[in-house]
Amino acid sequence: MTHGEANSLAAHLGIVITAIGDDSITATMPVDARTVQPHGRLHGGASVALAETVGSLAANLTLDPVQQIAVGLDINANHIRPVKQGLVIATARPEALGRTTQVWSIRIVDEQDRLVCISRLTMAVIPVERT
C-alpha cells in the first residue's frame, strides 16, 4: 500500500491487491468482524467497497496520472451468495475505456470460486487540474 492508502477504507477492511494482469486486477478481503453484518454474513456494503476499490485502482492504472484521474460516478451490485468466513476475491475487468468515462465489471467470488457478488462500476475521467 502507498502512504495515502495506509489510513484508507481499503486498509481498514483488510483489502489486499493480489494480482495485476494485462486486463484485470484482483484483490482479496477477509470476511471477519470488520466486514460482516449483524447476522454474521458478508455485508453488502463491504462487497461494494471492495468492488469500488479494485475497479477504481484498475481505472486509474489505465491513465497518465500527471494528466487525468478516474473518480467513481456510479456503482451497482447484485449480491448472489452469502459468505460467513474466509476470504472473498474480487477481479475487475474493463467493459469500456472511453475518453471521459470507463465501465468496469467486478466479480466477487468465495474461496471455492462461487459467485458472491457481481458489480458494475462507471468511472468519470477528469483532468488532474479539476481535483
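The structure this text deals with has already been given above.
Quick caveat: nothing in here was measured; it's all calculated off a predicted structure.

## Quick notes on the overall build of the protein chain
Turning to step 1, where the next piece is worked out: In terms of regular secondary structure, the protein chain is built from 2 helices and 6 strands.
Turning to step 2, where the next piece is worked out: Taken over the C-alpha atoms alone, the protein chain extends approximately 45 × 30 × 25 Å along its principal axes.
Turning to step 3, where the next piece is worked out: Looking at the protein chain residue by residue over its 131 residues, the buried ones come to 34%.
Turning to step 4, where the next piece is worked out: Taking the intrachain contacts of the protein chain between residues at least 6 apart in sequence as the baseline, contacts between residues at least 24 apart amount to 58%.
Turning to step 5, where the next piece is worked out: Put simply, the protein chain shows about 7,400 Å² of open surface, and 51% of that area lies on carbon and sulfur atoms.
Turning to step 6, where the next piece is worked out: Of the side chains in the protein chain, 10 bear a positive and 12 a negative charge, and the two mean positions are spaced by 9 Å.

## Thoughts on the pattern of salt bridges
Turning to step 1, where the next piece is worked out: Enumeration according to the criterion identifies 2 salt bridges in this entry.
Turning to step 2, where the next piece is worked out: In this structure, R34 engages D32 in a salt bridge whose closest nitrogen and oxygen atoms are separated by 2.7 Å.
Turning to step 3, where the next piece is worked out: R34 gets classed as partly exposed once you look at its relative accessible area, which sits at 38%.
Turning to step 4, where the next piece is worked out: One salt bridge connects R114 with D110, and the closest N-O pair in it is separated by 2.7 Å.

## Some points on the environment of P94
Turning to step 1, where the next piece is worked out: With respect to the helices and strands, the residue P94 is situated in strand β4 (residues 86-97).
Turning to step 2, where the next piece is worked out: Here P94 falls in the partly exposed class, since its relative accessible area comes to 29%.
Turning to step 3, where the next piece is worked out: Every residue in contact with P94, bar those within four places of it in the chain, is listed here: D23, V103 and W104.

## Observations concerning the sheet that holds strand β3 (residues 68-79)
Turning to step 1, where the next piece is worked out: Pairing in this open sheet of 6 strands is antiparallel, and the strands run β1-β2-β4-β5-β6-β3 from one edge to the other. Strand pairing shows two members of the sheet lacking a second neighbour, β1 (16-20) and β3, which therefore form its edges. Neighbour-to-neighbour, the strand axes of this sheet turn through a mean angle of 25°, independent of strand direction.
Turning to step 2, where the next piece is worked out: Note that strand β2 (residues 25-31) and β4 share 7 bridges and pair antiparallel. If you follow P30 over to β4, its bridge partner there is L87.
Turning to step 3, where the next piece is worked out: Strands in contact with helix α2 (residues 44-61) are β1, β2, β3, β4, β5 (101-110) and β6 (115-127); relative to β3, the strand with the most contacts, it is inclined by about 145°.

What counts and what doesn't
Residues numbered from 1 in each chain as written. Predicted model: local features only at pLDDT ≥ 70, side-chain atom pairs only at ≥ 80, totals over all residues. Heavy atoms only, no water. Helix = DSSP H or I, 4+ residues; strand = E, 2+ residues; numbered from the N terminus. Buried < 20%, exposed > 50% of the residue type's maximum accessible area, 1.4 Å probe, protein only. Contact = heavy atoms within 4.5 Å. Areas by Shrake-Rupley, 256 points an atom, 1.4 Å probe, with all protein chains shown as cover. Lys, Arg positive; Asp, Glu negative; His and termini not counted. Charge placed at Lys NZ, Arg CZ, Asp CG, Glu CD. Salt bridge = Lys/Arg side-chain N within 4 Å of Asp/Glu carboxyl O. Pairing = 2+ DSSP bridges. Axes fitted to C-alpha atoms, helices over the stretch in contact; angles between N-to-C directions.

As far as function goes, none of this settles anything; it's purely spatial.
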